[in-house]
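This is what each chain is made of:
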Amino acid sequence: MDSINITGARILFEIPVTDSFVIKITQAQVNSWIVILFLFILCKVLTRNLKVKPESKRQLIAEFIVEKATNLVNENMGQKFIGFTPFITALMALSACSSLLSVFGMYSPTADLNTILGWSIIVFILITYYKMKGGFFKYLKGFTQPIAVLTPFNIISEIATPVSMTFRHFGNICSGSVIMTLVYAALASASALVFGWLPGALAKFPFFQVGIPLVLSAYFDMFGGILQAFIFAMLTMLYISSAAEED
Amino acid sequence: MLERAIILAASAIGAGLAMIAGIGPGIGEGYAVGKACEAIGRQPECKGTVTSTMLLGCAVAETTGIYGFVVALLLLFVTPNMFLGKL
Amino acid sequence: MGKFLDLVSIDPVHIIITIINLMILFFIFKKFLFKPVQEIFDKRQQEIDKIYSDAQSAHDAAQKDKTEYSEKISAADEEAQQIVKKAAEKAERISDNIISEANSKASAMLKKADEDIAQERKKAVNEIKNEISSISVDIAQKVIEREINENDQKDLIDSFIDKIGDDNG
């Protein structure tokens, strides 16, 4: 049972700044750089040699993405926030692609709490910025509404927004990866039990791991990952637009 | 040794209890999906809107369950190490 | 195995790295996906606008040409009608002229013929009168066998002839 190893991201290398402060670069960071590089190359490939009259499928895909994203932002946030489209698209693409990495057996950066906490903090900063646009004191006064006794609860609910967003995304992806790890371990021990009589290396080969986890992987990695990316982006849009509407 | 066993057992029991929080979202989401099915049955042309709204609502309703899950994870993987290190 | 982070762990450095990652991706998307595609959209929009305005101007020109042509055609129609009308008038006038001329000629000829006839008749009447008078004189001479005064005779005969002429006339 030593093979069951449920931990966070693997620490690839450490950069010591001072004795007590060490920057740990983990698999999560490296994998998100891989995702960013992949998305960068995808952008370059899709937008190469654009023509006014679309000739290639690549251009059609690029136009489809841009149009869909613009429509989504326009529907949920209104024309005023159309500048948010690249941000929302980046959020969605990064989240979805990071979650989809686990389909290839790589560590998905979204299973790391820090990644999603970072995104939530950006969203929280944006929400607060749009709430403060009406005036700093008005923003502070908003906490004492409707009566002053409720101030602590208002503060908690304000902080609960990014926290709930973080844990929703993290919990979904992480539960998926934990369950997948358990299933893989269970299948490995089951195949060791059934095929243990085979000679040599074949005895240790986990036959059951071929094909069977696909169904679960399709649900947890693909459906869950894409759904959570969509929901994270939707909630971001809703929170930001409702924050701006308040003043 | 006994302290280790007690800590591990208490963590596991706590994690199991924390996952009771999964009941609430389960019921709530089932109810929401049922209502969404009713809505789609009444107005099949609104399928896309109803589905996306339902998914969003389900995601929000899921939050408490996810909180329970995170607490269970903390109890299983973080707290034992924390306490065992002090022993 | 290497070192692992805890499953639930918070590391400020990782959070900052994530934020920077997201910002980088945001700029990548903005610069390399949305900007060029939006430029293409704008260009396409311009082209479409241009095509539309071209079509509009072509349509306007065609409309103008059409009205011009229809005006011209209606003018030509009118002209032709006028020409026909004029020609018809002229023809009518000419025919009227001809007819009236012919009529007048005919009437003149008739008149002349009448006059000739009248003259001839007069002449014939005179001749006959003279003859009758001479015959009657002869007869009377023969009958009476005496010579009447030439003048008396003549008067008698003239009055007689006149009576005849009146009766014939």
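Computed from a predicted structure; not experimentally measured.

## So, the side chain of Thr 26 of chain A
Logical step 1: Looking at the secondary structure, you find Thr 26 of chain A in strand β2 (residues 22–26).
Logical step 2: For Thr 26 of chain A, a relative accessible area of 0% gives the class buried.
Logical step 3: Ignoring anything within four residues of it in the chain, the contact list for Thr 26 of chain A reads Ala 9, Arg 10, Ile 11 and Leu 12 of chain A together with Leu 5 and His 14 of chain C.

## A closer look at the nonpolar core
Logical step 1: Membership of the largest hydrophobic core comes to 63 residues, with the highest contact counts inside it found for Phe 84, Phe 87, Phe 170 and Ile 240 of chain A, Leu 73 of chain B together with Phe 29 and Leu 33 of chain C.
Logical step 2: In contact with Phe 84 of chain A, other than residues within four places in its own chain, are Met 77, Leu 126, Tyr 130 and Ile 240 of chain A.

## Some remarks on the state of the cysteines
Residue and element names in this part refer to chain B.
Logical step 1: Applying the stated criterion across every chain yields a total of zero disulfides over all chains.
Logical step 2: Here Cys 46 is not cross-linked by a disulfide; its sulfur's nearest cysteine counterpart is in Cys 37, at 14 Å.
Logical step 3: Residue class for Cys 46 comes out partly exposed when judged on its relative accessible area of 27%.
Logical step 4: For the unlinked cysteine Cys 58, the closest cysteine sulfur is that of Cys 37, found at 10 Å.

## Some words on the interface of chain C and chain A
Logical step 1: Between chain C and chain A, the residue contacts involve 36 residues of the former and 54 residues of the latter.
Logical step 2: Looking only at chain C, the three residues that lose the most surface to chain A are Leu 7, Leu 22 and Phe 34 of chain C, adding up to 16% of its buried area.
Logical step 3: For the interface between chain C and chain A, the tally reads one salt bridge.
Logical step 4: For the pair chain C and chain A, the interface holds eight residue pairs in polar contact (both at pLDDT 80 or more).
Logical step 5: Sorting the residues of the side of chain C that touches chain A by element identifies β1 (3–4) and α1 (12–144) of chain C as the ones contributing at least two each.
Logical step 6: At 26 residues, the largest contribution of residues to the side of chain C that touches chain A is made by α1 of chain C.
Logical step 7: Among the residues forming the side of chain C that touches chain A, the class breakdown is 24 nonpolar, five polar and seven charged.
Logical step 8: Pairing of strand β1 (residues 10–16) of chain A with β1 of chain C, which is carried by two bridges, proceeds in the antiparallel orientation. Within the sheet, the bridge partner assigned to Ile 11 of chain A lies in β1 of chain C and is Lys 3 of chain C.

## Let's talk about empty space enclosed by the protein
Logical step 1: Going through the model one piece at a time under the given rule, you end up with one cavity of 30 Å³ or more.
Logical step 2: Here the largest cavity is characterised by a volume of approximately 60 Å³.
Logical step 3: The wall of the largest cavity is formed by Ala 28, Gln 29, Ser 32, Leu 94, Thr 115 and Trp 119 of chain A together with Ile 17, Thr 18 and Asn 21 of chain C.

## What to know about the layout of surface pockets
All names here are of chain A.
Logical step 1: By volume, the largest pocket amounts to about 870 Å³.
Logical step 2: Along its surface, the largest pocket is lined by 33 residues, and Gly 105, Met 106, Tyr 107, Ser 177 and Thr 181 are the ones closest to its centre.
Logical step 3: Among the secondary structure elements, those contributing two or more residues to the lining of the largest pocket are α6 (151–194) and α7 (213–245).
Logical step 4: The element that contributes the greatest number of residues to the lining of the largest pocket is α6, accounting for eight residues.
Logical step 5: In the lining of the largest pocket, the residues fall into 16 nonpolar, 15 polar and two charged.
Logical step 6: There is about 640 Å³ of room inside the second largest pocket.

Reading the values: the criteria
- Residues numbered from 1 in each chain as written.
- Chains lettered and ligands numbered in written order.
- Predicted model: local features only at pLDDT ≥ 70, side-chain atom pairs only at ≥ 80, totals over all residues.
- Heavy atoms only, no water.
- Helix = DSSP H or I, 4+ residues; strand = E, 2+ residues; numbered from the N terminus.
- Buried < 20%, exposed > 50% of the residue type's maximum accessible area, 1.4 Å probe, protein only.
- Contact = heavy atoms within 4.5 Å.
- Core = buried A, V, L, I, M, F, W, Y, C linked by side-chain atoms within 4.5 Å.
- Disulfide = S-S within 2.5 Å.
- Buried area = accessible area lost by both parts, 1.4 Å probe.
- Salt bridge = Lys/Arg side-chain N within 4 Å of Asp/Glu carboxyl O.
- Polar contact = N/O pair within 3.5 Å; in protein donor to acceptor, adjacent residues only side chain to side chain.
- Nonpolar A, V, L, I, M, F, W, Y, C, P; charged D, E, K, R; others polar.
- Pairing = 2+ DSSP bridges.
- 1 Å grid on protein atoms, 1.4 Å probe; cavity = no way out; pocket = protein on both sides within 12 Å on 5 of 7 lines; lining within 4 Å.
- Points joined across faces, edges and corners; volume = space filled by probe spheres on them.

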